[in-house]
Amino acid sequence: PCHTQEASTAAVVVTANPTVVPGGISRVAIGNAIPSSDIEALLRKEEGNVFPFKASIFPLLFCLVVILAQSLLRGGHGTASVVGVKCGSAWYWVLILPAGLLLGGVTYLMGKKLVARARLYEQLGLDHVQGDVHWNPYIAQVVFPVQCFVAGVVAALLGIGGGVVQAPVMIEYGVTPLVQSSTTSYMILFTSTSTTIQYLIAGQFPGELQYDYVLWYTGLGFLGGLLGKNLVTTIIRKTGRMSYFLYFLAANMACYAIAMGYIGVKNVLYDLHLGLGMGFSGLC
């Protein structure tokens, strides 16, 4: 995508295909010779943006709207379709296809952007910071999306957050624990929002007042996240050891496994006591 040339004053980057150059750099005209220092400055500026709406937040919002629209039209999570689509009907399955194609397209384009940025870093000779993933087309557009998809399916089957399943995968790629935790929490915010809005529209929040449970658990979640963040930050600052965060993460996953095992065994014993069937239930 880019070729580095030595000039008398400074190295230049000739953009042979601007569509693979990420962010604002993609607006450079084909064939223009751009000093590598300017390209590097643009990269640093984009990475320093704490609210990258167009580059990162807008694609997530788009995915959120697609998932929410599909859920409302198709129905699910105990709520009926807003247009009367019956569970298991032909339209029920037809509505799954467009959402899958759109989400797959976003995944492909974001993977392409990650690969382009990684190549640009390599050609400019820039160093990656600790925790950066060295993306290539196979990892960014095949392996990692498949792993995320499997993590989502497993999380849905077990009734747990997808971040619990995805966390070990990200750490295996070399992502630092703090970045991994922040990323999965940010991701879950969007995935859970669609279901929350669906329950809100259908009026299926638990509790007599509909919003008492929501306010209670929202407050607990906010306070728990704030306390956990400050506690972990204080420990890391005083000890200088990032490994403590990894221990907390491992302990959290162990608690998930123990709790799921206990609840699963308890439910099985209860169903056996009542003489209920132990097979899979129907889709609807």
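Residues numbered from 1 in each chain as written. Predicted model: local features only at pLDDT ≥ 70, side-chain atom pairs only at ≥ 80, totals over all residues. Heavy atoms only, no water.

Undergrad: Let's hear about the overall build of the protein chain: which residues, and what values?
TA: The helix and strand tally for the protein chain stands at 9 helices and 3 strands. When the helices and strands of the protein chain are read in sequence order from the N terminus, they spell out β-β-β-α-α-α-α-α-α-α-α-α. For the protein chain, the proportion of its 284 residues judged to be buried stands at 25%. The contacts of the protein chain with a sequence gap of at least 6 include a subset with a gap of at least 24, amounting to 52%. Put simply, the protein chain shows about 18,500 Å² of open surface, and 68% of that area lies on carbon and sulfur atoms. (Helix = DSSP H or I, 4+ residues; strand = E, 2+ residues; numbered from the N terminus. Buried < 20%, exposed > 50% of the residue type's maximum accessible area, 1.4 Å probe, protein only. Contact = heavy atoms within 4.5 Å. Areas by Shrake-Rupley, 256 points an atom, 1.4 Å probe, with all protein chains shown as cover.)

Undergrad: So, the UniProt feature "transmembrane region" (unreviewed entry) in the protein chain: which residues are in play, and what are the values?
TA: Per the UniProt record, "transmembrane region" (unreviewed entry) is annotated on residues 51-69, 90-111, 142-165, 214-232 and 244-265. Between the end C-alpha atoms of residues 51-69 there is a gap of 25 Å, over a span that is 89% helix and 0% strand. The span residues 90-111 is 95% helical and 0% strand by assignment, and the distance between its end C-alpha atoms comes to 32 Å. (UniProt positions renumbered as here; feature names shortened; annotations may be inferred.)

Undergrad: Explain the environment of Val 154 residue by residue, including any values.
TA: Looking at the secondary structure, you find Val 154 in helix α5 (residues 137-158). Separated by 11 residues in sequence, Val 154 and Val 165 place their C-alpha atoms 7.7 Å apart.

Undergrad: Tell me about the confidence of the model for the protein chain, residues and numbers included.
TA: Chain-level statistics for the protein chain give a pLDDT mean of 76 and a share of 82% at 70 or above. At the low end of the mean pLDDT range in the protein chain sits strand β1 (residues 2-5), at 34; at the high end sits helix α4 (residues 96-124), at 88. Taken together, the stretch residues 1-32 has pLDDT below 50 and engages in 66 contacts with residues farther than four places along the chain or on a different chain. (pLDDT = per-residue confidence, 0-100.)

Undergrad: Which residues make up helix α2 (residues 53-74), and what values go with them?
TA: For an α-helix the count is 3.6 residues per turn, leaving residues at separations of three or four pointing the same way. Taking 1.5 Å per residue, 22 residues should reach 32 Å; α2 reaches 29 Å between its end C-alpha atoms and fits that length. Here α2 has its buried residues at Ile 57, Pro 59, Cys 63, Leu 64, Val 66, Leu 68, Gln 70, Ser 71, Leu 72 and Arg 74. Buried residues along α2 sit against α3 (90-94), α4 and α7 (177-202). Among the residues trailing α2, Gly 75 stands out with phi positive, at a value near 85 degrees. (Expected span 1.5 Å × (residues − 1).)

Undergrad: Can you explain the nonpolar core? Please cite residues and give values.
TA: Core analysis: the largest hydrophobic core is formed by 10 residues, namely Val 115, Ala 118, Val 133, Trp 135, Ile 139, Ala 140, Phe 144, Val 169, Met 170 and Val 175. Put simply, the parts of the chain that give this core at least two residues each are α4, α5 and α6 (162-172). Once you skip the residues sitting within four places of it in the chain, Val 115 turns out to touch Trp 135, Asn 136, Pro 137 and Ala 140. (Core = buried A, V, L, I, M, F, W, Y, C linked by side-chain atoms within 4.5 Å.)

Undergrad: Could you give an account of the layout of surface pockets, naming the residues involved and the relevant values?
TA: In this model, the second largest pocket occupies a volume close to 830 Å³. As for the second largest pocket, its lining consists of 26 residues, of which Ser 181, Thr 184, Ser 185, Phe 245 and Asn 252 are closest to the centre. Within the residue set of the lining of the second largest pocket, elements represented by two or more residues are α6, α7, α8 (212-239) and α9 (243-274). Considered class by class, the residues forming the lining of the second largest pocket number 13 nonpolar, 12 polar and 1 charged. (1 Å grid on protein atoms, 1.4 Å probe; cavity = no way out; pocket = protein on both sides within 12 Å on 5 of 7 lines; lining within 4 Å. Points joined across faces, edges and corners; volume = space filled by probe spheres on them. Nonpolar A, V, L, I, M, F, W, Y, C, P; charged D, E, K, R; others polar.)

Undergrad: With reference to specific residues and values, describe α9.
TA: Its 32 residues give α9 an end-to-end C-alpha distance of 47 Å, which sits within 8% of 46 Å, the value for a rise of 1.5 Å per residue. Of the residues one or two after α9, Gly 275 is the one with positive phi, at around 75 degrees.

Undergrad: Any chance you could break down the packing of α8 against α9 for me, citing the residues and the numbers?
TA: Contact pair α8 / α9: the axes reach a minimum separation of 9 Å and the direction vectors enclose 145 degrees. Contacts between α8 and α9 involve Val 232, Ile 235, Ile 236 and Thr 239 from the first element and Tyr 244, Phe 245 and Phe 248 from the second. (Axes fitted to C-alpha atoms, helices over the stretch in contact; angles between N-to-C directions.)

Undergrad: So what's going on with the side chain of Ser 71? Residues and values would help.
TA: In this fold, Ser 71 is placed in helix α2. There is a polar contact of 2.9 Å between the side chain of Ser 71 and the backbone oxygen of Ile 67. With residues near it in sequence (within four places) discarded, Ser 71 still touches Gly 76 and Gln 198. (Polar contact = N/O pair within 3.5 Å; in protein donor to acceptor, adjacent residues only side chain to side chain.)

Undergrad: Please set out the packing of α4 against α5 residue by residue, giving values where relevant.
TA: When two helices pack together, you describe them by how their axes are tilted relative to each other and by the distance separating the axes. Relative orientation of the contacting elements α4 and α5 amounts to 145 degrees, with a least axis distance of 8 Å. The handedness of the crossing between α4 and α5 is right-handed. Residues Thr 107, Tyr 108, Gly 111, Lys 112, Val 115 and Arg 119 of α4 touch α5, and the partners they reach there are Pro 137, Ala 140, Gln 141 and Pro 145. (Left-handed = near helix turned anticlockwise from the far one by under 90°.)

Undergrad: How would you summarise the side chain of Ser 81 if you had to cite specific residues and measurements?
TA: Tracing the backbone shows Ser 81 in the loop between α2 and α3. One polar contact links the side chain of Ser 81 to the main-chain carbonyl oxygen of Leu 73, over a distance of 2.3 Å. A distance of 3.1 Å separates the side chain of Ser 81 from the backbone nitrogen of Val 85, its partner in a polar contact.

Undergrad: Pulling in residues and values, what's your account of the packing of aromatic side chains?
TA: In total, this model carries 5 aromatic pairs according to the counting rule given. With 5.3 Å between their ring centres and 85 degrees between their planes, Tyr 92 and Trp 93 make a pair best called edge-to-face. Looking at Tyr 92, the relative accessible area reads 9%, which means it is buried. Classification of Trp 93 as partly exposed rests on a relative accessible area of 47%. A centroid spacing of 5.5 Å and a plane angle of 80 degrees characterise the contact between Phe 144 and Tyr 173, whose relative ring orientation is edge-to-face. Linking Phe 144 in helix α5 with Tyr 173 in the loop between α6 and α7, this pair joins segments that are 29 residues apart in sequence. For Phe 144, a relative accessible area of 18% corresponds to the buried category. Grouping aromatic residues by their ring pairs yields a cluster made of Phe 51, Phe 53 and Phe 58. (Phe/Tyr/Trp six-rings, centres within 6.5 Å; stacked < 30°, edge-to-face > 60°.)

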